[in-house]
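The lines below spell out each chain.
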Amino acid sequence: MATLVAFHAHPDDEVVLTGGTLAAAVAAGHRVVLVTATDGRVNDEDDDTRMDELLTSASVLGVHRVECLGYADSGYGPIFYPDPPGRIRFARAGVEATAQRLAPILRDENAQLLLSYQPNGGYGHRDHVQVHHVGKRAAELAATPRVLEVTMPRELLRRVSNLLRLLRLPAPYDADTLRTAYAPQATITHRIDIRRFAREKRDAFAAHRSQIGGGLNACLFGLVMLLPPQVFGLVFSHEWFVDPGAQPGTVRRNIFDH
């Protein structure tokens, strides 16, 4: 059995991008460790709700260990806010210094696989881009043998966004972001079928209620959470990864396949 460390930017990223994969690895007998760079707090007045949600989510997925590096959320959008008193926003933290905090976890766990992010951070979020740089450097420091970068097929996202716009529903990304978001399907090296773990992904996603907001988004979230696991699994059936050291072509079906 192997140890997998999943390194994410914020609480809730672990479910959206890798929830089914983590649950599948646990079910197969592997050790799974979850590390987040931030605690999800943008402002000092925010409470610990997001960390509580993260722990609930991790418990649903069966994660064996959860760590948070404790940086402040850098926020998404054109405004890069100053650091809150006594804390550093993750995207401003030095890559080397931050990697020196992640590497001991990789060494302590004797991790065979690190899940990190692509250079574009998926959709350009400054914290997600920083995860790529820190994860890559930490893997070098800890001599972690393999790194996979979480992603989604760009073509699928475009189709989903077009459908949502036709239905007059909010799309997750604007047209400019979609042009370079995540990865072209032809470059994806791992496509993991997570339908067997739809219940775990759905219930872990439900733990992050603070991120839903109100109005139409809240209504849509409520409807999705009411889906039976079999239906939820048809909608959210796969998770995707890129091995930056592999030639694209053959698509692997197991997260530990080379």
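Thresholds applied
- Residues numbered from 1 in each chain as written.
- Predicted model: local features only at pLDDT ≥ 70, side-chain atom pairs only at ≥ 80, totals over all residues.
- Heavy atoms only, no water.
- Helix = DSSP H or I, 4+ residues; strand = E, 2+ residues; numbered from the N terminus.
- Buried < 20%, exposed > 50% of the residue type's maximum accessible area, 1.4 Å probe, protein only.
- Lys, Arg positive; Asp, Glu negative; His and termini not counted.
- Salt bridge = Lys/Arg side-chain N within 4 Å of Asp/Glu carboxyl O.
- Contact = heavy atoms within 4.5 Å.
- 1 Å grid on protein atoms, 1.4 Å probe; cavity = no way out; pocket = protein on both sides within 12 Å on 5 of 7 lines; lining within 4 Å.
- Points joined across faces, edges and corners; volume = space filled by probe spheres on them.
- Nonpolar A, V, L, I, M, F, W, Y, C, P; charged D, E, K, R; others polar.
- Polar contact = N/O pair within 3.5 Å; in protein donor to acceptor, adjacent residues only side chain to side chain.

In the nomenclature of an unreviewed UniProt entry, the protein corresponds to PIG-L family deacetylase from the organism Mycobacterium lentiflavum.

A short note on the side chain of Glu149
Looking at where Glu149 falls in the secondary structure, it is placed in strand S5 (residues 146-151). Despite being buried, Glu149 has no salt bridge partner; Lys136 is the closest side chain of opposite charge, sitting 7.1 Å away. In contact with Glu149, not counting residues within four places along its chain, are Ser116, Tyr117, Gln118, Pro119, His132, Trp240, Phe241, Val242 and Pro244.

A few points about empty space enclosed by the protein
To find leftover empty space, a probe the size of one water molecule is rolled over the atoms. On inspection of all chains with the given rule, the structure shows one cavity of 30 Å³ or more. As a volume, the largest cavity reaches approximately 40 Å³. Forming the boundary of the largest cavity are Leu17, Tyr117, Gln118, Gly121, Gly122, His128, Val150 and Tyr182. Taken together, the residues of the lining of the largest cavity break down into four nonpolar, four polar and no charged.

Some remarks on the side chain of Arg126
Mapped onto the elements of the fold, Arg126 is located in helix H5 (residues 126-142). In this structure Arg126 is buried but unpaired, with Asp127 as the nearest side chain of opposite charge at 6.7 Å. Within the structure, Arg126 has its side chain in polar contact with the backbone oxygen of Ser74 (distance 3.5 Å). Apart from residues no more than four positions distant in its own chain, Arg126 is found in contact with Ser74, Gly75, Tyr76, Gly77, Pro78, Ile79, Phe80 and Ala91.

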